[in-house]
Amino acid sequence: MDFQLSEELQQLSDSVQRVVEKAYDFEARKKIVASDQGHSAETWNTFAELGLLGLPLSADHGGFGGSSSDLVSVMEAFGAGLVVEPYVSTVSMARLIERAGSDAQRAAVVGAVAEGNMKLALACAEPGSRYDLATIETSARRDGDGWVLDGTKIGVIDAPMADRIVVTARTSGKAGGVSLFLVPRDAKGMTLKTYRTQDSLRGADITLSGVRVGGDALIGAEGAGVAALEEALDFASALLCAEAVGAMKYACDATLEYLKTRKQFGVPIGSFQALQHRIVDMYICTEQSRSITYLACARVDGSDAADRRRVVSGARVKIADAARQVGQEAIQLHGGMGMTIEMKVSHTFKRLTMIGQSFGDADYFIERFAA
Amino acid sequence: MDLNYSAEENAFREEVRTWLDANIPPELREKVLNYEELGKDDLVRWHKILAKKGWVAPVWPVEWGGTGWNAVQRYIYEEEYALAGAPPIAPFGPTMCASVLLRFGSDAQKKRFLPRIYNCDDFWCQGYSEPGSGSDLASLKTRAERRGDHYVVNGQKTWTTLGHYGDWIFCLVRTDVDTPKKQDGISFLLIDMKTPGITVRPLVLLDEGHEVNEVFFDDVKVPLENLVFEENKGWTVAKYLLGHERLGTGRIGGSKRELGKLKAMAAKTLVNGKPLLEDVRFRDRLSRVEIELMALEVTNMRFLDEMRRTGNIGPEVSMLKIKGTEIQQALTELTMQVAGPSARAFKPLAYDGFDAFTASLAARYFNFRKTSIYAGSNEIQRNIYSKMALGL
């Protein structure tokens, strides 16, 4: 048992924190969010230089062989700084390809991602799917030695800036008939309707009509898509948990600062017990979230799939509940100021809310926890 | 970061588990697992078994009988202890009075009391709260006046857990009524409960059980040598004891055991032919408690790790008491709910062959409301956190 970061990780964590504080101070972030690209190419290159993009990828394929736990402090820094880079999408899909893909796919993707030359996104949700990975209608039918994809995907986070998109499609009508395809974003027949999300990311709804890809676009075995994707999304979920912990910690600290400085009735409002107990509960909630995040990250890299599914789902339930409580309370304790777009904490609340229903909400994950 | 126990730690766990399994008298374990009341004889019997093994007071210095275990080993021990269904060791002697004596007691006091505490030759209880002094403990009024070679004590203590078993009681008493700060006139006294003038009266709790008492002092003579530390410095002693106590208040092991029992019960209880455990409404409530407990276990490990590295833990540890008791309470509530209509019958009036275990579940739920009130109410814990950790 040891909760200390190694010296090497501590250095990395410090560097990431410095980068985020500099490149992502609140004013700088506003400009990044408003830019055409919706993220910072410069920061992305810095991530590559720091080794963040290859960190969770195997050293055999051009990554740095880090564990999920190694990413906790990185993701916390992203959460505190409200970083909008397509990091979770890219590394989780690269890790998926590394684990489930062919040698050729690995060779094409892992190194390029680690070097900062390729960004990835995941298109799985559809108008009728909600969070279920198998309830999809997008189809892939064989055509010669390739495939043709047709269907509609929604809420594809980071799609506008992705070079390639992992698309789920039905290759047979049976329960196990979901397969994964790696499709270039600019593939012919693929139309993106892009938008900014509530939490200032970029997303797209995608129409695929007669999108033709080669046989080498299929990731893993035909019909084996759900299991591979579940593992990848558990990894992504663990990272989101850590991001949420960083965001919650920021919300707590900002609220505490406000309680100490804002005066009413001639005294700091933090002198009122009604508010003291509420902020204490925010901190406790954040620390409990941090604990279960540590557990989730430890299990994500383990070999026991049932255990991984259970613990990550439990963590997602806790994080969703906590994100809601901490986010709502941060706004309430900031009073009217919390309602304005000028406060960073308001943006933190929006990000926390959206993390609470990324890949599934508390109801979805509590079902999966007990299943 | 590594959340796993080392091979040595796992071997230690195995050693503890094996010994407990072999040495807890089955009839005592039965009582614990069935929520039956343990009498003084039961408690003393088990205490003496554990004393012989040398495991009564792991934290004590080795010279006085401590085990020399580190924080992680102590936690493993506590967890296995709870999982095994071992009877409790009443904390008032070995944990509370002894840590005060070890820190503040004279050599003579240590030699006189520590071995008897270790072997449970004296059963101790705690005289802190008074009718007018609960959370505001420093307002206490029980008076000790110096007369020659002894004090004369008058006043009343309350909520005295197991006071009806007590041979000795450690008390906070007021030795100076004229100090500007009420904390300054308090002293820490050890009082033999067989002294004339002491009356113990039961305070029956809402589950109709007798565990706490009122203790009245009427011109009770206490030798001056029973003063611990300096006169009027009792608050320093009291604060030390409070700070000393908080690690371990999460009761993780006990809650894990209760969660397991609850799940087993819910799996056997049918609703429309299906296990209650699969009922979505019930299961979601259970899952949230389980998830909170999973998180608290890691939180506890983080505090242990901090303790091991720095020898100290911050005031944030109050969260263990808050979350730990919330979980304990939620578990008793869900367990009562599993019993359904059978939870209503009240044990002492029941007929022969009555299922006393089931009938204890509602009583246990009622009884466990105490956990968020005792040992510094959860509101006081939030005050501590707010003031000491957040600087509010």
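Residues numbered from 1 in each chain as written. Chains lettered and ligands numbered in written order. Predicted model: local features only at pLDDT ≥ 70, side-chain atom pairs only at ≥ 80, totals over all residues.

1. Considerations on the overall build of chain B
Logical step 1: Looking only at helices and strands, one finds 12 helices and 10 strands in chain B.
Logical step 2: The C-alpha atoms of chain B give 22 Å as radius of gyration, which agrees with the globular expectation for 392 residues (21 Å, within 12%).
Logical step 3: For chain B, the spread of C-alpha atoms along the three principal axes comes to 75 × 55 × 50 Å.
Logical step 4: Residues counted as buried form 39% of the 392 residues belonging to chain B.
Logical step 5: Of all intrachain contacts in chain B linking residues separated by at least 6 positions in sequence, the fraction that spans at least 24 positions is 71%. (Helix = DSSP H or I, 4+ residues; strand = E, 2+ residues; numbered from the N terminus. Rg over C-alpha atoms; globule rule 2.2 N^0.38 Å. Buried ≥ 20, exposed ≤ 12 C-beta atoms within 10 Å, placed from the backbone. Contact = placed C-beta atoms within 7 Å.)

2. What about the interface of chain B and chain A?
Logical step 1: Each side of the interface is counted separately: chain B has 29 residues, and chain A has 26 residues.
Logical step 2: Put simply, the parts of the chain that give the side of chain B that touches chain A at least two residues each are α9 (280-310), α10 (318-339) and α12 (378-389) of chain B.

3. A closer look at the domain arrangement of chain A
Residues and elements named next belong to chain A.
Logical step 1: In terms of domains, chain A is made up of domain 1 (7-114), domain 2 (120-223) and domain 3 (226-370).
Logical step 2: Spacing between the C-alpha centres of domain 2 and domain 3 amounts to 30 Å.
Logical step 3: Residue-level contacts link 12 residues of domain 2 with 11 residues of domain 3.
Logical step 4: Taken together, the residues that form the side of domain 2 that touches domain 3 break down as 6 nonpolar, 5 polar and 1 charged. (Domains from an automatic or database assignment. Nonpolar A, V, L, I, M, F, W, Y, C, P; charged D, E, K, R; others polar.)

4. Focus on the nonpolar core
Logical step 1: Counting 167 residues, the largest nonpolar core has Ala-123, Val-166, Phe-181, Ala-244, Met-248, Ala-296 and Val-326 of chain A as its most contacted members.
Logical step 2: Counting residues per element, this core draws most heavily on helix α7 (residues 225-261) of chain A, which supplies 22 residues.
Logical step 3: If near-sequence neighbours (up to four positions away) are discounted, Val-166 of chain A is found in contact with Met-93, Leu-96, Leu-120, Leu-122, Ala-123, Leu-180, Leu-182 and Ile-219 of chain A.
Logical step 4: If you look at the next biggest cluster of nonpolar residues, it comprises 49 residues, including Met-96, Ala-98, Leu-190 and Val-215 of chain B. (Core = buried A, V, L, I, M, F, W, Y, C linked by C-beta atoms within 7 Å.)

5. A word on the packing of helix α9 (residues 305-334) of chain A against α9 of chain B
Logical step 1: It is at 10 Å that the axes of α9 of chain A and α9 of chain B come closest, and there the two elements cross at 95°. Classed by the angle they form, the pair α9 of chain A and α9 of chain B counts as roughly perpendicular. For the pair formed by α9 of chain A and α9 of chain B, the contact residues are Gly-314, Val-317 and Lys-318 of chain A on the first element and Arg-288, Ile-291, Met-294 and Ala-295 of chain B on the second.
Logical step 2: Looking at the contact of α9 of chain A with α9 of chain B, its residues break down into 4 nonpolar, 1 polar and 2 charged. (Axes fitted to C-alpha atoms, helices over the stretch in contact; angles between N-to-C directions. Parallel < 35°, antiparallel > 145°, perpendicular 65-115°, else oblique.)

6. Examining the domain arrangement of chain B
All names here are of chain B.
Logical step 1: Domain boundaries assigned for chain B yield domain 1 (7-89), domain 2 (107-112 + 120-232) and domain 3 (246-389).
Logical step 2: Measuring from the centre of the C-alpha atoms in domain 1 to the corresponding centre in domain 3 gives 21 Å.
Logical step 3: The interface is formed by 11 residues belonging to domain 1 together with 12 residues belonging to domain 3.
Logical step 4: Looking at the side of domain 1 that touches domain 3 residue by residue, the class counts come to 7 nonpolar, 2 polar and 2 charged.

7. Overview of the pairing of strand β5 (residues 186-192) of chain B
Residues and elements named next belong to chain B.
Logical step 1: Among the 7 residues that make up β5, 6 are buried, leaving the element largely enclosed by the rest of the structure.
Logical step 2: Relative to β5, strand β4 (residues 168-174) is paired through 7 bridges, and the arrangement is antiparallel. Bridge pairing in β5 links Cys-171 to Leu-189. (Pairing = 2+ DSSP bridges.)

8. Topic: unusual backbone geometry
Logical step 1: Its identity is not glycine, yet Ser-200 of chain A carries a phi of approximately 70°, on the positive side.
Logical step 2: With 18 C-beta atoms counted inside 10 Å, the residue Ser-200 of chain A sits in the partly exposed group.
Logical step 3: The backbone phi angle of Asn-232 of chain B is positive, close to 70°, even though this residue is not glycine.
Logical step 4: Structurally, Asn-232 of chain B can be placed in the loop between β8 (227-228) and α7 (234-245).

9. Examining helix α11 (residues 362-370) of chain A
Logical step 1: Within α11 of chain A, the full set of buried residues consists of Ala-362, Phe-365, Ile-366 and Phe-369 of chain A. Buried residues of α11 of chain A, seen end-on, are gathered within an arc of 100° and therefore sit on one face of the element. (Arc of directions from axis to C-beta.)

10. Let's talk about the packing of helix α8 (residues 273-300) of chain A against α10 of chain B
Logical step 1: Interhelical geometry of α8 of chain A versus α10 of chain B gives an angle of 85° and a closest axis separation of 11 Å. Here α8 of chain A is positioned roughly perpendicular relative to α10 of chain B, judged by the angle of their axes. Of the residues in α10 of chain B, those in contact with Ile-284, Glu-287 and Gln-288 of chain A of α8 of chain A are Met-319, Ile-322 and Lys-323 of chain B.
Logical step 2: When its residues are assigned to classes, the contact of α8 of chain A with α10 of chain B shows 3 nonpolar, 1 polar and 2 charged.

11. Examining the environment of Ile-49 of chain B
Residues and elements named next belong to chain B.
Logical step 1: With respect to the element layout, Ile-49 can be found in helix α3 (residues 40-53).
Logical step 2: Accessibility expressed as a C-beta count within 10 Å gives 17 for Ile-49, which makes it partly exposed.
Logical step 3: Measuring from C-alpha to C-alpha, the distance between Ile-49 and Gln-183 comes to 40 Å, with 134 residues separating the pair along the chain.

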